[in-house]
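Residue-level listing of the chains:
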Amino acid sequence: MELLPVTLFIHVRILDVVDIVIVAFLLYQIYLLIRGTAAINIFSGIVLLYFIWLVVRALNMELLGNLLGQVIGVGVIALIIVFQQEIRKFLLILGSRYTSKGKSALGSLLLGTDHNEMSRANIDAIIKACQSLSETKTGALIAITRNSELDVYTETGDLINAELSSRLLENIFFKNSPLHDGAVIIKGNKIHAARCVLPISENLNLPPHFGMRHKSALGLTEVTDALVIVVSEETGKISLADNGNIEYGISPIELKQILEQKLQNK
């Protein structure tokens, strides 16, 4: 008896490829959101449990399959409880990074415009202040608004709305100043508020020498598109946080180049 060859035909549509790419992208974004936190271990356990359930279903193990199916079905509520902080952070990112008052941040990105573009003179004022603060080892935390509105953090401090100048920045962060404890928020070409409280990063893998200023800088850039400059009180080193990452110990010249690149339309 002659055996006929069996040919397997796998029909892959363009939509299937798009589906796989979208799912992979979403999983990667979830990983970026929770990496370095305790939630990464929980997420890994959930993914492992889901793949075990798929294997059990493929093997037609009905009892175990039904049991795992019930666990996964109820697990949605458990996920909301366990990942409430991560879900809140994700919604904050959507709400603050991609929308702003009266204008879509996504539209700004597509059109290449920034409604908080900063003049070269004011960038020079920030650099001059940071250099002076660094030389005297005076701690500073400066948040620069881009597309995301920072009103929720502005409300935690004192409104100033003063013209930006290096001397004013230095006076705010002077150790005996009543406004030195907290962050300065710069909006456009003005010092919008001072003594503001910023969110603390939940990343557990930060270097031990990072203090509260560095953690606050990272925390704000994790949920908004703001730029945050940190001057260390212990070492006098200047750092710049952006998009959940921080460049530690950069020179004033490097800081100026980065600010000009990110805050000016060219």
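Worth saying up front: this structure is predicted, and the values here are computed from it rather than measured. (Residues numbered from 1 in each chain as written. Predicted model: local features only at pLDDT ≥ 70, side-chain atom pairs only at ≥ 80, totals over all residues. Heavy atoms only, no water.)

(A) The arrangement of the overall build of the chain in detail. Scanning the chain for helices and strands turns up 10 helices and seven strands. When each of the 266 residues of the chain is scored for burial, the buried share is 38%. Across the chain, contacts joining residues at least 24 apart in sequence account for 63% of those joining residues at least 6 apart. As displayed, the chain has an accessible area near 16,200 Å², and 62% of this comes from carbon and sulfur atoms. (Helix = DSSP H or I, 4+ residues; strand = E, 2+ residues; numbered from the N terminus. Buried < 20%, exposed > 50% of the residue type's maximum accessible area, 1.4 Å probe, protein only. Contact = heavy atoms within 4.5 Å. Areas by Shrake-Rupley, 256 points an atom, 1.4 Å probe, with all protein chains shown as cover.)

(B) Main features of the pattern of salt bridges. Scanning the model with the defined rule gives eight salt bridges in all. Taking the shortest distance from any N to any O, the salt bridge between Arg195 and Asp158 comes out at 3.0 Å. With a gap of 37 residues between them, Arg195 in strand β4 (residues 190–196) and Asp158 in strand β2 (residues 158–163) connect regions that are remote in the sequence. Judged by its relative accessible area of 29%, Asp158 is partly exposed. (Salt bridge = Lys/Arg side-chain N within 4 Å of Asp/Glu carboxyl O.)

(C) Structural view of a nonpolar patch on the surface. On the surface, Leu49, Val55, Leu59, Met61, Leu64, Leu67 and Val71 cluster together into a nonpolar patch covering about 600 Å² of accessible area. Mapped onto the nonpolar patch, the elements with two or more residues apiece are α2 (39–58) and α3 (62–82). When residues of the nonpolar patch are assigned to their parent elements, the largest contribution, three residues, is made by α3. By the element assignment, Leu59 lies in the loop between α2 and α3. (Patch = residues over 30% accessible without salt bridge, like charges linked within 9 Å, V, L, I, M, F, W, Y side chains within 5 Å.)

(D) Seen up close, the packing of helix α6 (residues 120–135) against helix α10 (residues 252–263). At a minimum axis distance of 10 Å, the contact between α6 and α10 shows a crossing angle of 150°. In terms of their interaxial angle, α6 and α10 are classed as roughly antiparallel. Like other packed secondary-structure pairs, α6 and α10 cross with a definite hand, here right-handed. Of α10, the residues touching α6 (which contributes Arg120, Ile123, Asp124, Ile126, Ile127, Cys130 and Gln131) are Pro252, Leu255, Lys256, Leu259, Glu260 and Leu263. Across the contact of α6 with α10, the residue classes tally to eight nonpolar, one polar and four charged. (Axes fitted to C-alpha atoms, helices over the stretch in contact; angles between N-to-C directions. Parallel < 35°, antiparallel > 145°, perpendicular 65-115°, else oblique. Left-handed = near helix turned anticlockwise from the far one by under 90°. Nonpolar A, V, L, I, M, F, W, Y, C, P; charged D, E, K, R; others polar.)

(E) Fine view of the nonpolar core. Within the largest apolar cluster, 29 residues are counted, with the highest numbers of intra-cluster contacts made by Ile126, Ile144, Leu169, Ile229, Leu255 and Leu259. Residue assignment for this core shows that the elements contributing at least two residues are α6, β1 (140–144), α8 (166–172), β3 (183–187), β4, β5 (227–231), β6 (238–242) and α10. Not counting residues up to four positions away in its chain, the partners in contact with Ile126 are Met118, Ile144, Leu164, Leu169, Ile186, Ile229 and Leu259. Ala183, Ala217, Val228 and Val230 belong to the second largest nonpolar core, which has 16 residues in total. (Core = buried A, V, L, I, M, F, W, Y, C linked by side-chain atoms within 4.5 Å.)

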